[in-house]
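Structure assessment
So you can see what is in the structure, the chains are spelled out below.
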Amino acid sequence: MNTQSNAVSASAETQASTVAEIPAERLFYWALRRELWESRSIYIAPLAAAGLFLLGFLISAYRLPAKMRDLSALDSMQKHQLIAQPYTYAALLIMFVTFVVAVIYCLDALHGERRDRSILFWKSLPVSDLIAVLTKASIPIVFLPLLTFVITAATHVFMLLLSALVLMASGGGTAELLSHAGLAQTWFMLLYHLLVVHGLWYAPIYGWLLLVSAWARRAPLLWAGLPLLVIPMFEKVAFNTAYLGNLLGERISGGGPMRTDVATGLDAMMASDNLLVRPGLWIGLAITAIFLIAAVRLRRSKGPI
Amino acid sequence: MACIEARGLRKTFGKNVALDGVNLRVEEGRIVGLIGPNGAGKTTALNAILGLSSFQGELRVLGRDPWIERDRLMNEVCFISDVAVIPRWIRVWQAIDYVAGVHPRFDRAKAERFLDKTTISRNSKVRELSKGMVTQLHLALVMAIDAKLLVLDEPTLGLDILYRKQFYDSLLSDYLDRRRTIVVATHQVDEIQNVLTDLVFIHRGRIAFECSMEELESRYVELIIHPEQLSAARALKPIHEHAGIGRSSMFFHLAPGNPTREQLSALGEVRTPSVADLFVAVLGDGPAIRPQGVAQ
């Protein structure tokens, strides 16, 4: 019996190996498209925020000529700050919206497909759990930072054009506006900030959310959020220390102490120090990898709920 | 070669034993009905075969371990499970695009042809379709995949009789002429009887009975008994007796030492039992039988 069944297995294996397989990058491509089909909010929400901001900016434009006249009394540094301010606000708003979108996306990514039983459909197709989870992780870690950058840059261009038009129409010059907006510098800092902080530094947050999303039977938000509140509190009560709380605070604030003065400008916010040389970033990425491996294993074994 | 080969397949959920040492061998090209009451272990067995759940024991599907290689196995295996599982947010064209994108054996033109025969619009979302339409869509996707093994778990549950008939008709017309293996799990036995080549009864996590349809015809008979012959028939040790209004029937196993077809036909009308009757005869309240081929 054994020899016979071994022979059967062997012949089956040779037969199986001849089947054409879709290359992994094509599977990633389609898995990514599928995510964008399902979660349209990941691009609609930041676009809507940008649109709303532009509308507000448009309404404020009637004050612009007067504002530019007042500016002439100020020194160069203050001018720069005042002119660059709305551009900073636009970037912060869109960044905040995509961060919220990323959190909501992650919490639902591996939970929703089990809740609506569609996981049985996805699993009936030759896409591995690894590819599925990595695609879902790449949305907040890679896709959303890049999307945030593109939407923000486009918003800035619209704002600049609008300002220039208003100033030209009112007979003023646009030279001061263009020289002080400093968009090239801002964009460079913004891209760096998005990729390093929102992508890499926040990666363990997204990894954790995806893990909980793969594990929780219900209320993933609760399961993801409560330990982060309760465990630091436990540490404080039990040992009167605050290592975990500080660690979490540092993670969420983007590497520095929590900032409340958002108006200090993108430059200041992003130039704090180079996160890439901090061991915390690389430890965080290792932890992300562990979370994602666990999520892959959970996706394999957990069925619909 | 065996398409599915299971030895000592076991699965427990806590203290509840869902599969209790299942031995099963499904040869290529067969259409096997996995038949059992609710909670018998049908879905658990199919989930193990499809790589959807872990298991103990030995299991090879098309030469692969489904738990380790689910994604590669799905290049050659299709399945439709009990309820509509196509995500409700997806549009019909997106579902087609996606399957065409990730499946090497998907024939897009074929799926399109199938859909053209329905009233399903390509731009509809699945949530806008009726239950029958969702099943048609799923069927269009699955039928267009040139798979070696098709697994159906209660595929027609919740569909009306028209769709059910349509479902099995298209299944048959499409699959009958190919070298393909189909495993259908259901408890609506009657509607698949004429489709099957093999029967497997599963009960309390074990294979209670298995035979081919030819064996069923040659080895089992149902006897519609003339009332005056009742006691004579009972003396021949039927495996099951079924008393109806105005007439009763008994089921016999034609094996050496048992009564022959000729003996029985003297007592009444002899015919091949339906699968449903055989199922009740084997698993119901009648005396237990141990025919050949029973895996215990």
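First, a word on what this report is: a plain description of the structure on this page. (Residues numbered from 1 in each chain as written. Chains lettered and ligands numbered in written order. Predicted model: local features only at pLDDT ≥ 70, side-chain atom pairs only at ≥ 80, totals over all residues. Heavy atoms only, no water.)

The relative placement of two aromatic rings is captured by the distance of their centres and the angle of their planes. Scanning the entire structure with this criterion turns up 15 aromatic pairs over all chains. Centroid distance Phe 121 of chain A to Trp 122 of chain A: 5.3 Å. Interplanar angle 65°. Geometry classified as edge-to-face. Where Trp 215 of chain A meets Trp 223 of chain A, the ring centres are 5.2 Å apart and the plane angle is 85°; that geometry is what we call edge-to-face. What makes Trp 223 of chain A partly exposed here is its relative accessible area of 45%. Feature note: the residues Tyr 29, Trp 30 and Trp 37 of chain A together with Trp 93 of chain B constitute an aromatic cluster, connected by ring pairs. If you follow Arg 34 of chain A out to its NZ or CZ, it ends over the ring of Trp 122 of chain A, 4.1 Å from the centre. Above the face of the Trp 201 of chain A ring, Arg 251 of chain A is positioned so that its terminal group lies 3.9 Å from the ring centre. (Phe/Tyr/Trp six-rings, centres within 6.5 Å; stacked < 30°, edge-to-face > 60°. Buried < 20%, exposed > 50% of the residue type's maximum accessible area, 1.4 Å probe, protein only. Lys NZ or Arg CZ within 6 Å of the ring centre and 35° of its normal.)

Attention now goes to helix H3 (residues 41–60) of chain A. Counting along an α-helix, one turn takes 3.6 residues, and residues three or four places apart therefore face a common direction. Residues and elements named next belong to chain A. In this model, H3 (20 residues) spans 28 Å end to end at C-alpha, consistent with the 28 Å of a helix rising 1.5 Å per residue. All of the buried residues in H3 are Ile 42, Pro 46, Ala 49, Ala 50, Phe 53 and Phe 57. Buried residues along H3 cover an arc of 95° about the axis, so they all sit on one side. Along H3, the residues that are exposed and aim more than 90 degrees away from the buried face are Leu 52 and Ile 59. Elements in contact with the buried residues of H3: helix H2 (24–38), helix H5 (76–109) and helix H8 (129–169). (Helix = DSSP H or I, 4+ residues; strand = E, 2+ residues; numbered from the N terminus. Expected span 1.5 Å × (residues − 1). Arc of directions from axis to C-beta. Contact = heavy atoms within 4.5 Å.)

Turning next to the environment of Phe 252 of chain B. Residue and element names in this part refer to chain B. With respect to the helices, strands and loops of the structure, Phe 252 is situated in strand E12 (residues 248–253). Along the chain, Phe 252 and Ile 49 lie 203 residues apart, while their C-alpha atoms are 34 Å from each other. Here Phe 252 is in contact with Arg 219, Tyr 220, Val 221, Leu 223, Ala 233, Leu 236, Lys 237, Pro 238, Ile 239, Pro 259 and Leu 264, once residues within four sequence places are set aside.

So, about the side chain of Ser 213 of chain A. Residue and element names in this part refer to chain A. Counting through the fold element by element, Ser 213 comes out in helix H11 (residues 203–215). Reaching out from Ser 213, the side chain makes a polar contact with the backbone oxygen of Leu 107 at a distance of 3.0 Å. Each residue touching Ser 213, except ones within four places of it in the same chain, is listed here: Cys 106, Leu 107, Asp 108, Ala 109, Leu 110, His 111, Arg 114 and Pro 220. (Polar contact = N/O pair within 3.5 Å; in protein donor to acceptor, adjacent residues only side chain to side chain.)

Residue-level contacts link 38 residues of chain A with 43 residues of chain B. Interface area for chain A against chain B, summed over the two sides, is near 3700 Å², with a carbon-plus-sulfur share of 61%. Our enumeration of links across chain A and chain B arrives at two salt bridges. The shortest N-O distance in the salt bridge between Asp 129 of chain A and Arg 70 of chain B comes to 3.1 Å. Among the secondary structure elements, those contributing two or more residues to the side of chain A that touches chain B are helix H1 (2–17), H2, helix H7 (119–122) and helix H15 (279–301) of chain A. (Buried area = accessible area lost by both parts, 1.4 Å probe. Salt bridge = Lys/Arg side-chain N within 4 Å of Asp/Glu carboxyl O.)

Residue and element names in this part refer to chain B. A sheet is described by the order of its strands in space; here three strands give the open sequence E2-E1-E4, paired in antiparallel fashion. With one partner strand each, in any of the chains shown, strand E2 (16–27) and strand E4 (56–61) form the two edges of the open sheet. Adjacent strand axes in the sheet meet at a mean angle of 15°, parallel and antiparallel pairs treated alike. The pairing of strand E1 (residues 2–13) with E4 spans five bridges and is antiparallel. Counterpart to Glu 5 in the pairing with E4 is Arg 60. In the packing of helix H1 (residues 42–49) onto the sheet, contacts are made with E1, E2 and E4, and the angle to E1 comes to roughly 120°. (Pairing = 2+ DSSP bridges. Axes fitted to C-alpha atoms, helices over the stretch in contact; angles between N-to-C directions.)

The subject of this paragraph is the nonpolar core. The biggest cluster of nonpolar side chains holds 105 residues, and the ones touching the most others in it are Ile 4, Leu 59, Leu 137, Leu 141, Leu 149, Leu 199 and Phe 201 of chain B. Considering every element that reaches this core, the biggest residue donor is helix H5 (residues 131–143) of chain B, with eight residues. Leave out the neighbours within four places in its chain, and Phe 201 of chain B touches Ile 35, Arg 206, Ile 207, Ala 208, Phe 209, Val 275, Leu 278, Phe 279, Val 282 and Leu 283 of chain B. Membership of the second largest hydrophobic core comes to 42 residues, among which are Leu 36, Cys 106, Tyr 206 and Leu 298 of chain A. (Core = buried A, V, L, I, M, F, W, Y, C linked by side-chain atoms within 4.5 Å.)

As a further point, take the sheet that holds strand E7 (residues 181–186) of chain B. Where strands meet in a sheet, backbone hydrogen bonds hold them as pairs that are either parallel or antiparallel. All names here are of chain B. Spatial strand order, E5-E6-E7-E3-E8-E9: six strands in an open sheet with mixed pairing. Strands at the two margins of the open sheet, each flanked by one partner only, are strand E5 (77–80) and strand E9 (206–212). On average, each strand axis in the sheet is inclined to that of its neighbour by 15°, with strand direction left out of account. This element, helix H6 (residues 161–175), spans E5, strand E6 (149–153) and E7 of the sheet and lies at about 170° to E6. Packing against the sheet, helix H10 (residues 275–283) makes contact with strand E3 (31–35), strand E8 (198–203) and E9, and its axis sits at approximately 40° to E8.

The next point concerns H8 of chain A. Helix length check: H8 of chain A, at 41 residues, gives a terminal C-alpha distance of 58 Å against a target of 60 Å (1.5 Å per residue), a fit within 8%. The largest bend in H8 of chain A amounts to roughly 50° and is located at Ser 138 of chain A, with the proline Pro 140 of chain A lying one to four residues further along. (Bend = angle between axes of the 7 residues up to and from the residue.)

Residue and element names in this part refer to chain A. Running from N to C, helix H4 (residues 64–71) and H5 point in directions that differ by 165°, and their axes come no closer than 10 Å. It follows that H4 is roughly antiparallel to H5 by the angle criterion. Handedness of the H4/H5 crossing: right-handed. For the pair formed by H4 and H5, the contact residues are Lys 67, Met 68 and Leu 71 on the first element and Lys 79, Leu 82 and Ile 83 on the second. Grouping the constituent residues of the contact of H4 with H5 by class yields four nonpolar, no polar and two charged. (Parallel < 35°, antiparallel > 145°, perpendicular 65-115°, else oblique. Left-handed = near helix turned anticlockwise from the far one by under 90°. Nonpolar A, V, L, I, M, F, W, Y, C, P; charged D, E, K, R; others polar.)

So, on to the pairing of E3 of chain B. All names here are of chain B. A large share of E3 lies buried, amounting to five of its five residues. Both faces of E3 are covered, namely the face carrying Ile 31, Gly 33 and Ile 35 and the face carrying Val 32 and Leu 34. The pairing of E3 with E7 spans five bridges and is parallel. In the sheet register, Val 32 faces E7, and the bridge partner there is Val 183.

All names here are of chain B. Positive phi values are uncommon outside glycine, yet Leu 62 reaches one of about 50°. Turning to its location among the elements, Leu 62 is positioned in the loop between E4 and helix H2 (70–73). In this structure Leu 62 comes out as buried when scored by relative accessible area, which is 3%. The phi dihedral of Arg 204 falls on the positive side, at around 50°, and the residue is not glycine. Tracing the backbone through its elements, the reader meets Arg 204 in the loop between E8 and E9. Assessed through its relative accessible area of 68%, Arg 204 is described here as exposed.

Limitation: the analysis is restricted to geometry and does not speak to function.
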